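# Notes for the structure review
Residue strings, one per chain:
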2 protein chains.
Amino acid sequence: VIQPARVTARACALIGVDWGTTSARAYRIDAEGAVIEMRAAPLGIQQVRGDFAGALATLLGNWRQESVPRLACGMIGSRQGWIEAPYVECPAAAASLARGIVETPDRALTIVPGLVDRDDEGVPDVMRGEETQIVGAVAGDASPALAVLPGTHSKWAIVRDGAIASFATYMTGEVYAVLREHSILGRMAEMNSQALDPQPSAGAAFARGVRAALADGGAADSLLHRLFGARTLALRADLAPEDTSDYLSGLLIGSEVAAGRGWARRRGLEASSALLVGSPALCIRYAAALHEGGMAAERGPDDAAARGLWRIASTAGLVG
Amino acid sequence: VIQPARVTARACALIGVDWGTTSARAYRIDAEGAVIEMRAAPLGIQQVRGDFAGALATLLGNWRQESVPRLACGMIGSRQGWIEAPYVECPAAAASLARGIVETPDRALTIVPGLVDRDDEGVPDVMRGEETQIVGAVAGDASPALAVLPGTHSKWAIVRDGAIASFATYMTGEVYAVLREHSILGRMAEMNSQALDPQPSAGAAFARGVRAALADGGAADSLLHRLFGARTLALRADLAPEDTSDYLSGLLIGSEVAAGRGWARRRGLEASSALLVGSPALCIRYAAALHEGGMAAERGPDDAAARGLWRIASTAGLVG
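Throughout what follows, the structure given in this document is the object of discussion. Note that the structure is a prediction, hence the values are computed from the model and not measured. Note that residues are indexed from 1 along each chain, following the sequence as it is written. Going through the entries in the order they are written, you letter the chains from A and number the ligands from 1. Local features in this predicted model are restricted to residues whose pLDDT is 70 or higher, and side-chain atom pairs enter the listing and the counts only when it is 80 or higher, whereas totals over whole chains, interfaces and linings include all residues. Only hydrogens and water are set aside when side-chain values are computed; all heavy atoms of the structure are taken into account.

Under the DSSP-based scheme used, a helix requires at least four consecutive residues in state H or I and a strand at least two consecutive residues in state E, with every element numbered from the N terminus. When helices and strands are counted, chain A shows 12 helices and 15 strands. Taken along the three principal axes of its C-alpha coordinates, chain A extends 65 × 45 × 40 Å. In chain A, once contacts between residues fewer than 6 apart in sequence are set aside, the share between residues at least 24 apart is 63%. Exposure was quantified through the Shrake-Rupley algorithm and a 1.4 Å probe, taking into account, for residues, occlusion by the shown protein chains and nothing else. Counting only carbon and sulfur atoms, one obtains 51% of the accessible surface of chain A, whose full area is about 13,100 Å². Under this rule, positive means Lys or Arg and negative means Asp or Glu; His and the chain ends count for nothing. Lys charges are placed at NZ, Arg charges at CZ, Asp charges at CG and Glu charges at CD. Seen as two clouds, the 30 positive and the 35 negative side-chain charges of chain A have centres 1 Å apart. Residue contacts are defined here by distance: any two heavy atoms, one from each residue, within 4.5 Å place the two residues in contact.

What follows is the structure, encoded as structure tokens:
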């Protein structure tokens, strides 16, 4: 029997919390910035009805006895969270984030601010939580890098000179979910659940959707047309109805890759590869889509948020 | 008192039916192709549970006694309808549609076929019902024209040499509806119903969305990014939350206009104006969006389907 004694005996130097809309994760982090232990709970800011102190106590449990700093990132610092940590403007290095930290009135928790940037037309874009993951995933002194964080609201960020230079959000995950659940495309895909051999060619249908989306990346926006193609392909027996969801997923992620690549280029970064930070299942899809678009993909660390919290805590002088 | 006697006394030469997924409309048409009377009922093919003969009897009522031909268009000719009228390939003139008509087994109704076309990547596109509206709205011998039929699945069609040369579908209306009802953008707009002065600047927010969508029509597809902008603009107090829906509507219709214009151009039509066929409320929005994109808009006839049915019936030798 291998005893985990040595691992659990390491002293905790920081408690990090990644506190989002629907869930919260807490990390015990040692004096070298390594994660000792992790806990997750469905205690997102939407779930806890304003009782943030109670939710934190539930999440931490016996970790509350640790007399170490506690640093959180994510929606907990939004206007709907515990206390607002106002958005910091891009470009933003770990030092800018460290300067923007805000403490709750009861001093139970310190919170990392989110970031704001503006796109080519001056429309604002925001992130909360992802800035910390990016700081944790990208080495500070590396050459310019492109980080991609797939999800409900995917983020593409350029890291340059140790700072998050600029970023852009794509509503890919949410658009997929609402079309899958509420549109005619979802009703076609419903046959899936009745199929004997579900998703027999998921990978192929996904790649086909990606290629369709990338086909005329230089032409005017045509996503609204391509979406209808998912229906007609199935209608005309060119696509198995049960593959509609994967084709739709490919269309949307492909559209994001085409747009994100162009966005990075307009900001002076001709990226040949992207660093993916997110769930393994999504990262696999994004890696395939990036590959179709001629880009390589690298997987970021799983505990990017914990690493980022450690780095910001160090920069802020909370630890070390 | 003006007696409508002269109008109702005109003899009926054709009964036309525009029979879609959610509703059905019937027209009594005189020997000159003019509509004498119209009836509408929520007897779409999704509502009538396969009893098409019963639904037709209900829709026509005492018109059943007219011993004149009956010609229908729309989803009634789909695989889910009364009898399938197989899709006709583009380019298709009224004569091609007339050659493709199919009669129900009980000879109660003759049905116009739908059209199929393929886009640049070979993905099929289909229409059922709109082909008849286009035939009714566009004069056969005019110079090349661009017809735009806004709706759940908007259609853009090029009419050239008296035939529908090509068309493209955009899922604009359906994407708007699902995002409005089921996404975070809808939840922001919900404040609308609580506002004292609902939609105070609807026109301005709509136009702003259109301009954002048209801003880089030449760059890669960026709709997924712009959609998130509707949220951040409201979050950052640059847009009243109750205007989110109009901004979203502008983004989507603007995106359709940018894509449709590029599509027509790739098919050799540099259109300076479009003929709009659809509901007055939608046509007003599309005219505004076309105007922002530097195009003029003309409103097609309200009874385009009836006119088209008459023209196809004449070409098929059913009347006249």
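Residue and element names in this part refer to chain A. Strands sit in the order β3-β2-β1-β4-β8-β7 across an open sheet of six strands; the sheet is mixed. Each edge of the sheet is formed by a strand with only one pairing partner; in this case those strands are β3 (35–41) and β7 (102–103). Alignment of strand β1 (residues 12–19) against strand β2 (residues 24–30), held across seven bridges, turns out to be antiparallel. Looking at β2, one finds that W19 is bridged to A24. Only the stretch in contact is used when fitting a helix axis, every axis being a line fitted to C-alpha atoms; angles between N-to-C directions are given from 0 to 180 degrees. Contacts between helix α2 (residues 52–60) and the sheet are confined to β1, β2, β3 and β4 (70–73), with β1 contributing the most and set at about 125° to the helix. Against the sheet, helix α12 (residues 304–315) makes contact with β1, β2, β3 and β4, and its axis sits at roughly 120° relative to β1, the strand it touches most. Two strands make a pair as long as DSSP finds a minimum of two bridges between them.

Another point: the relation of the copies chain B and chain A. Mapping between the two chain copies consists of a rotation about an axis together with a translation along that axis. Our superposition of the copies is a least-squares fit, built on the C-alpha atoms of residues whose pLDDT is at least 70 in both. After a rotation of 180° and a shift along the axis of 0.0 Å, chain B superposes on chain A with an RMSD of 0.0 Å. Overall, the copies show the geometry of a two-fold rotation axis. The overlap is high: 100% of the interface residues of chain B also sit at the interface in chain A, so the same surface is used on both sides.

Moving on, we get to the side chain of T169(B). If you trace the backbone, T169(B) turns up in strand β13 (residues 163–170). Under the scheme applied here, a residue whose accessible area is under 20% of the maximum for its type counts as buried, over 50% as exposed, and between as partly exposed, the area being computed with a 1.4 Å probe on protein chains only. Using a relative accessible area of 0% as the deciding quantity, one classes T169(B) as buried. Engagement of the side chain of T169(B) in a polar contact is seen with the side chain of K155(B), the distance being 2.8 Å. Dropping the residues within four chain positions of it, T169(B) is found in contact with L224(A), H225(A), F228(A), D125(B), V126(B), H153(B), S154(B) and K155(B). Between N or O atoms, a polar contact is any pair within 3.5 Å; within protein, one atom must be a potential hydrogen donor and the other a potential acceptor, and residues adjacent in sequence are included only when both atoms are from side chains.

For the rest of this paragraph, the subject is the interface of chain B and chain A. The partner chain A presents 56 residues to the 56 residues of chain B that form the contact. By definition, the buried area sums, over both parts, the 1.4 Å-probe accessible area that each loses when the two are put together. Buried surface at the junction of chain B and chain A, summed over both partners, amounts to about 4,600 Å²; 62% is from carbon and sulfur atoms. A salt bridge links R118(B) to D238(A), with the nearest nitrogen and oxygen atoms 3.8 Å apart. One can count 13 residue pairs in polar contact (both at pLDDT 80 or more) joining chain B with chain A. Ranked by residues supplied to the side of chain B that touches chain A, first place goes to helix α9 (residues 223–235) of chain B with 11 residues. The salt bridge criterion pairs a side-chain nitrogen of Lys or Arg with a carboxyl oxygen of Asp or Glu, the two atoms within 4 Å.

Another aspect to go through is the state of the cysteines. Residue and element names in this part refer to chain A. The criterion for a disulfide is a pair of cysteine sulfur atoms lying within 2.5 Å. Overall, the coordinates contain zero disulfides over all chains when judged by the stated rule. Free of any disulfide, C73 has its nearest cysteine sulfur in C90, 16 Å distant. Here C283 is not disulfide-linked; the sulfur of C73 is the nearest cysteine sulfur, at 17 Å.

Here we take up helix α4 (residues 130–137) of chain A. Burial within α4(A) is extensive, with seven of its eight residues counted as buried. Restricting attention to buried positions, one finds in α4(A) the residues E130(A), E131(A), T132(A), I134(A), V135(A), G136(A) and A137(A).

Going through the model one piece at a time under the given rule, you end up with 28 salt bridges over all chains. The closest approach of N and O atoms between E121(A) and R226(B), which form a salt bridge, is 2.9 Å. Of the two residues, E121(A) is situated in the loop between β9 (115–118) and β10 (124–127) and R226(B) in helix α9; the pairing between them involves two chains. According to the relative accessible area criterion, E121(A) is partly exposed, its value standing at 34%.

For the rest of this paragraph, the subject is the environment of D120(B). Residues and elements named next belong to chain B. By the secondary structure assignment, D120 is in the loop between β9 (115–118) and β10 (124–127). Along the backbone, D120 and R266 are 146 residues apart, and their C-alpha atoms lie at a distance of 9.1 Å. Once residues lying within four places of it in the same chain are set aside, the contact partners of D120 are R266 and R267. Within polar-contact distance, the side chain of D120 engages the side chain of R266 at 2.7 Å. Side-chain polar atoms of D120 contact the side chain of R267, separated by 3.1 Å.

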